[in-house]
Amino acid sequence: MGGFSYQLVEEVAKEIYIRALKQLPPDVVTALQHAHNSESDETARGILQTILQNIDIARDRNLLLCQDTGLPVYLVKIGSGFAADGARIAAALHSGAKRATLEHPFRGSSTHPLTRVNPQNSVGRGLPVIHWEFDQDADTLDILIIPKGSGSENMSAMKMFIPADGVKALKKFVLDTVVDSGGNPCPPGIIGVGIGGTADLVGVLAKKALARAVGSTNPDPQLAQMENDLLLAINGTGIGPMGLGGDTTALAVHIESAYTHMTLNPVAVNTQCWAARRSRAVIHRNGQVDYGY
Ligand code: SF4
């Protein structure tokens, strides 16, 4: 074992991007299997069966789960016991995402917002997206990637509410966003919801909500109840897998929240598709790397 290095971070950033594109987290696969077993609609069951076959084929033949390899979004948590240079970690993530795209190789989707020129390397100004967190109790570098395809990301929405609008309005906004999305985000996936903070923070909260395992609930009982209520309401819409009808429009609703201003109540919805890809690596000081989800 060679010990920690920024070269190792680059290799890990490359590896988890490729892993995420090929192996869905077990919690997502289990949720899709459960949806398949409990679907009452025949067409929906057939679509879920095809999705499950797709997952098996990707795993068995080492293929990508979907042609949309997405934009790389890294969620990084640095422990206090893991002294490291953040700028060099950022540079390593950039190189790792680029190398994954060029060396695998797979389609790069990053594009200049005006010229629409695509460098075919998944990076560019502002990419990869990196969200930083710090953990006083940890002595590791925890890196999670969520490759984000456009079908689902395009259906995301944000709105600034005021407290007088009430909780009902927040729920309605989430539900309306899902209904307006129809089959575009390749359902059933995860509906990530951010509540609170500011206009910028609320979007990050919604993204972080997608990083949670399906089956997890918010530790705040009120928010956990809201997750459950929204999931029931969303699955009651009948949109179904791929928008063709059925009982399963979402596998989960995850809410992440933050305190906000007394006269604000922002809400963001970040939609995730059935290919709810995520891959994690925990790097130790001695160079050991633990891979997971
Ligand atoms: S929304 Fe997801 S499943 Fe659909 S094309 Fe994009 S990455 Fe693939």
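Rules of the game
- Residues numbered from 1 in each chain as written.
- Predicted model: local features only at pLDDT ≥ 70, side-chain atom pairs only at ≥ 80, totals over all residues.
- Heavy atoms only, no water.
- Helix = DSSP H or I, 4+ residues; strand = E, 2+ residues; numbered from the N terminus.
- Rg over C-alpha atoms; globule rule 2.2 N^0.38 Å.
- Buried < 20%, exposed > 50% of the residue type's maximum accessible area, 1.4 Å probe, protein only.
- Contact = heavy atoms within 4.5 Å.
- Areas by Shrake-Rupley, 256 points an atom, 1.4 Å probe, with all protein chains shown as cover.
- Lys, Arg positive; Asp, Glu negative; His and termini not counted.
- Charge placed at Lys NZ, Arg CZ, Asp CG, Glu CD.
- Axes fitted to C-alpha atoms, helices over the stretch in contact; angles between N-to-C directions.
- Parallel < 35°, antiparallel > 145°, perpendicular 65-115°, else oblique.
- Left-handed = near helix turned anticlockwise from the far one by under 90°.
- Nonpolar A, V, L, I, M, F, W, Y, C, P; charged D, E, K, R; others polar.
- Pairing = 2+ DSSP bridges.
- Near = heavy atom within 4 Å.
- Domains from an automatic or database assignment.
- Expected span 1.5 Å × (residues − 1).
- Polar contact = N/O pair within 3.5 Å; in protein donor to acceptor, adjacent residues only side chain to side chain.

With that settled, consider the overall build of the protein. When you go through the protein residue by residue, the secondary structure sums to eight helices and nine strands. The C-alpha radius of gyration of the protein comes to 19 Å, within 12% of the 19 Å expected for a compact globule of 293 residues. Dimensions of the protein along its principal axes, counting C-alpha atoms only, are 55 × 50 × 40 Å. Across the 293 residues of the protein, 48% fall into the buried class. Contacts in the protein between residues far apart in sequence, at least 24 positions, make up 79% of those at least 6 positions apart. Put simply, the protein shows about 13500 Å² of open surface, and 53% of that area lies on carbon and sulfur atoms. Both charge centroids of the protein, one from 25 positive and one from 28 negative side chains, sit 6 Å from each other.

Once that is clear, we can look at the packing of helix α2 (residues 26-38) against helix α3 (residues 42-61). Two numbers describe how α2 lies on α3: the axes approach to 9 Å, and their chain directions differ by 150°. In terms of orientation, α2 lies roughly antiparallel with respect to α3. α2 and α3 meet at a crossing whose hand is left-handed. Mapping the contact onto sequence places Val29, Leu32, Gln33, Ala35 and His36 in α2 and Arg45, Leu48, Gln49, Ile51, Leu52 and Ile55 in α3. A per-class count over the contact of α2 with α3 returns seven nonpolar, three polar and one charged.

Next up on the list: the sheet that holds strand β8 (residues 279-283). The strand order β2-β1-β3-β8-β9 describes an open sheet built from five strands, whose pairing is mixed. Edge positions in the open sheet fall to β2 (129-135) and β9 (289-292), since each of these has one partner strand only. Along the sheet, successive strands turn relative to each other by an average axial angle of 15°, direction set aside. The pairing of strand β1 (residues 71-79) with β2 spans seven bridges and is classified as parallel. Of the residues in β2, the one forming a bridge with Gly79 is Asp135.

Neighbouring residues of the ligand: Cys66, Asp68, Gly149, Gly151, Ser152, Cys186, Cys273, Trp274 and Arg277. The residue makeup of the shell around the ligand includes at least three contributed by each of domain 1 (6-23 + 65-148 + 277-292) and domain 2 (151-271).

Okay, helix α8 (residues 221-235) next. Over its 15 residues, α8 runs 21 Å from end to end, which matches the ideal 21 Å to within 8%, given 1.5 Å per residue. At its buried positions, α8 is contacted by α6 (166-181), β5 (189-196) and β6 (250-258). N-capping of α8 is provided by Asp220, with a side-chain oxygen placed 2.8 Å from the backbone N of Gln222.

Attention shifts here to the packing of helix α1 (residues 6-22) against helix α4 (residues 86-103). The geometry of α1 relative to α4 is characterised by a closest axis approach of 7 Å and an angle of 45° between their N-to-C directions. The orientation of α1 with respect to α4, classified from their angle, is oblique. When you trace α1 past α4, the crossing you get is right-handed. Across the interface between the two elements, Tyr6, Gln7, Val9, Glu10, Glu11, Ala13, Lys14, Tyr17 and Ile18 of α1 pack against Arg88, Ile89, Ala92, Leu93, Ser95, Gly96, Ala97, Arg99, Ala100, Thr101 and Glu103 of α4. Among the residues forming the contact of α1 with α4, the class breakdown is 10 nonpolar, four polar and six charged.

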